[in-house]
Amino acid sequence: MSEEIKTNGYKLYVGKIEEGFVIDHIHAGRGMKIYRDLGLDRLDCSVAIILNASSKKMGKKDMIKVECPIDQFDMDFFGFLDPSATVDVIKDGEIISKPKLKLPEKLVNVVRCHNPRCITSGEAQLDQVFILTDPLRGTYRCKYCETAYKNED
Amino acid sequence: MKKSIISPMDITVDELGALMDLADDIMKYPEKYAHACDGRILATLFFEPSTRTRLSFEAAMLRLGGKTMGFASADSSSATKGETVADTVRVISSFADICAMRHPKEGAPAVAAAHATIPVINAGDGGHHHPTQTLTDLFTIRSLKGRLDHMTVGFCGDLKFGRTVHSLIRALVNYTDVRFVFISPRELTIPDYIRNDILIRENIPFEEVSRLEDVLPRLDLLYMTRVQRERFFNEEDYMRLKDSYILDKKKMSLAREDMMVLHPLPRVNEIATEVDSDPRAVYFEQVRYGMYIRMALILTLLEIKVD
Ligand SMILES: [Zn+2]
């Protein structure tokens, strides 16, 4: 059985997932970045990336479908990568959960501080630590120099 | 109080009150405190030179009966050999009881605090924090004005990059009925996070103007900073505006009898030397208050009580 997605008149068919997850409602244009940031490009599993799918809610959206054992992912990261995204977790071909994405309190070695005056730019052995300082706006700040991280490309 | 002081935000309003009360007492009865730190050592770890700040810390420790050691620039430290901040403070923790660190990289004292077993005081990290300057400013105002509330505070000059300005604004919003007047060229106004996240969000009255003369008569306090030529986009604007941000006798004649002029020093030309003899110019007295508040901070962080 296949699921049908409309993109600009073409039809894309993606096989049904037995075990894995679907990240939906990604802001159009961020799909590839999330694919890389999650390290999916380094995994030995099937991934389907759908870019610019039409969406009633968002106009355009990206989606990522991954077939893989579900216990190897930290779901928290999805919310950080794109706060609008939703995740369906699939096992035995059924959606077993739709975890509510919340922003992690702390990110260690996920993103880098871009402040050239930051101590982390001079001492490479330091962990890159970011703290969630404004949960409403999703603002993260470097633990050391407090520069905000902008979650954009 | 926290074990280390990295940001002015590390000190609560109550702790600040207690620190200033202690500094008051030290000023009144210095002999009581002259041996409070006998046998203790303060390390001054200055990875970039700042003679005034370093001497202020050393004078504070010496007047408490303690001793000091350290280095005054990165050349004379092990940093030139590539030693990390973390390793430096691990070593210093064995030698000293407390340390004050200045570093050109932002966040370096926070790294130090995470690895030291002794209290770390941030003595300035790049354009980031300089908590003892904020303590100095607040203690000067409280000592000379008798209060930190109910006043109109003017900030003049470079309000965009001046970290001492940002820290002092953040500290003063905790007090009742403090109003702000920001005097700066358009290019150097307060950053958005101060305007939106602090002043507007907390409903603090403030105005932004470009001419000092227009607002001087209304100020209880004027905090001067330097406007640097290189901050301007073009020479024309700089020439047009530069005199507007220089405080001289003529401008002082517009100010109230009890208006106080503060400046974090070093001063270049933004305050004419003819103003120095005006009793309202308190920027050199500020330095003395800075030493006493550092004495109070050292005692508090070392948890030394003097009866
Ligand atoms: Zn940083």
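Q: Would you mind showing me how to read the sheet that holds strand 1 (residues 41-46) of chain B here?
A: Hydrogen bonding along the main chain pairs the strands of a sheet, whether they run parallel or antiparallel. Residues and elements named next belong to chain B. Taken in spatial order, the four strands make up an open sheet running 2-1-3-4, and their pairing is parallel. Pairing within the sheet leaves two strands with one partner each, and these edge strands are strand 2 (67-71) and strand 4 (120-125). The mean inter-strand angle of the sheet, taken between neighbouring strand axes irrespective of direction, is 15°. Sheet analysis places strand 1 next to strand 3 (residues 98-103), joined by five bridges and oriented parallel. Paired with F46 across the two strands is R102, which belongs to strand 3.

Q: Which parts of the structure should I look at to understand the side chain of B:S4?
A: Residue and element names in this part refer to chain B. One can find S4 in the segment before helix 1 (13-28). Classification of S4 by relative accessible area gives buried; the value is 9%. Looking at S4, its side chain comes within polar contact range of the main-chain nitrogen of V120, at 2.9 Å. The residues touching S4, leaving out its near neighbours within four places in the chain, are D10, A113, I118, P119 and V120.

Q: Can you walk me through the sheet that holds strand 8 (residues 106-108) of chain A in this structure?
A: All names here are of chain A. Within the open sheet, the four strands sit side by side as 8-9-10-11. Their pairing is antiparallel. Looking at strand neighbours, the two that pair on one side only are strand 8 and strand 11 (148-149), the edges of this open sheet. Bridge count for strand 8 against strand 9 (residues 129-134) is three bridges, and the pairing is antiparallel. Within the sheet, the bridge partner assigned to L107 lies in strand 9 and is F130.

Q: Quick question: what am I supposed to make of the interface of chain A and chain B here?
A: Interfaces are often described in size by the accessible area the parts lose on coming together. Tallying the contact residues gives 15 residues for chain A and 15 residues for chain B. The largest per-residue losses of area from chain A upon contact with chain B belong to A:R117, A:I119 and A:Y144, which jointly make up 39% of the total buried on that side. The interface formed by chain A and chain B includes one salt bridge. Our count for the chain A to chain B interface comes out at nine residue pairs in polar contact (both at pLDDT 80 or more). Considering each element in turn, the side of chain A that touches chain B owes the most residues, three residues, to helix 3 (residues 119-122) of chain A. Tallied by class, the residues present in the side of chain A that touches chain B amount to six nonpolar, four polar and five charged.

Q: What is the right way to look at the coordination of the zinc ion in this model?
A: Six octahedral donors at a metal ideally form angles of 90 or 180 degrees, and four tetrahedral donors ideally form angles of 109.5 degrees. Residues and elements named next belong to chain A. C113 (SG), C118 (SG), C142 (SG) and C145 (SG) make up the full set of protein donors to the zinc ion, lying at 2.3 to 2.4 Å. One can describe the donor arrangement at the zinc ion as tetrahedral, given that its four donor atoms subtend angles of 101 to 115° at the metal. Read from N- to C-terminus, the donor residues coordinating the zinc ion fall into the pattern C-x4-C-x23-C-x2-C. Residue C118 is classed as buried on the basis of its relative accessible area of 0%.

Q: Whenever I open this one, the pattern of salt bridges confuses me. Can you help?
A: Any two side chains of opposite charge can pair, given that their charged atoms come close. Residues and elements named next belong to chain B. On inspection of all chains with the given rule, the structure shows 19 salt bridges over all chains. Put simply, D24 and R142 hold a salt bridge, and the shortest N to O gap is 2.8 Å. Of the two residues, D24 sits in helix 1 while R142 sits in helix 6 (residues 131-145), which places them 118 residues apart along the sequence. One salt bridge connects R256 with D258, and the closest N-O pair in it is separated by 3.6 Å. Three or more residues joined by partner-sharing salt bridges are found here, namely D21, D24 and R142.

Q: What's the story with the nonpolar core in this structure? I'm lost.
A: Nonpolar side chains in soluble globular proteins tend to end up buried together. Membership of the largest hydrophobic core comes to 61 residues, with the highest contact counts inside it found for B:F155, B:I169, B:L172, B:F180, B:L199 and B:I298. When residues of this core are assigned to their parent elements, the largest contribution, 10 residues, is made by helix 12 (residues 283-301) of chain B. Both domains that meet at this core, namely domain 1 (8-129 + 289-301) and domain 2 (132-287) of chain B, each give it at least three residues. Contact partners of B:F180, with chain neighbours within four places excluded, come to B:V153, B:F155, B:I169, B:L172, B:V173, B:L199, B:I204, B:P205, B:F206 and B:E207. Formed by 52 residues, the second largest nonpolar core is a distinct cluster that contains A:I26, A:L38, A:C68 and A:L132.

Basis of the calculations
Residues numbered from 1 in each chain as written. Chains lettered and ligands numbered in written order. Predicted model: local features only at pLDDT ≥ 70, side-chain atom pairs only at ≥ 80, totals over all residues. Heavy atoms only, no water. Pairing = 2+ DSSP bridges. Helix = DSSP H or I, 4+ residues; strand = E, 2+ residues; numbered from the N terminus. Axes fitted to C-alpha atoms, helices over the stretch in contact; angles between N-to-C directions. Buried < 20%, exposed > 50% of the residue type's maximum accessible area, 1.4 Å probe, protein only. Polar contact = N/O pair within 3.5 Å; in protein donor to acceptor, adjacent residues only side chain to side chain. Contact = heavy atoms within 4.5 Å. Buried area = accessible area lost by both parts, 1.4 Å probe. Salt bridge = Lys/Arg side-chain N within 4 Å of Asp/Glu carboxyl O. Nonpolar A, V, L, I, M, F, W, Y, C, P; charged D, E, K, R; others polar. Donors = N, O, S within 2.8 Å, 3.2 Å for Na, K, Ca; no water. Tetrahedral: all angles 85-135°; square planar, octahedral: opposite > 155°, others 65-115°. Core = buried A, V, L, I, M, F, W, Y, C linked by side-chain atoms within 4.5 Å. Domains from an automatic or database assignment.

In short, geometric facts, not functional conclusions.
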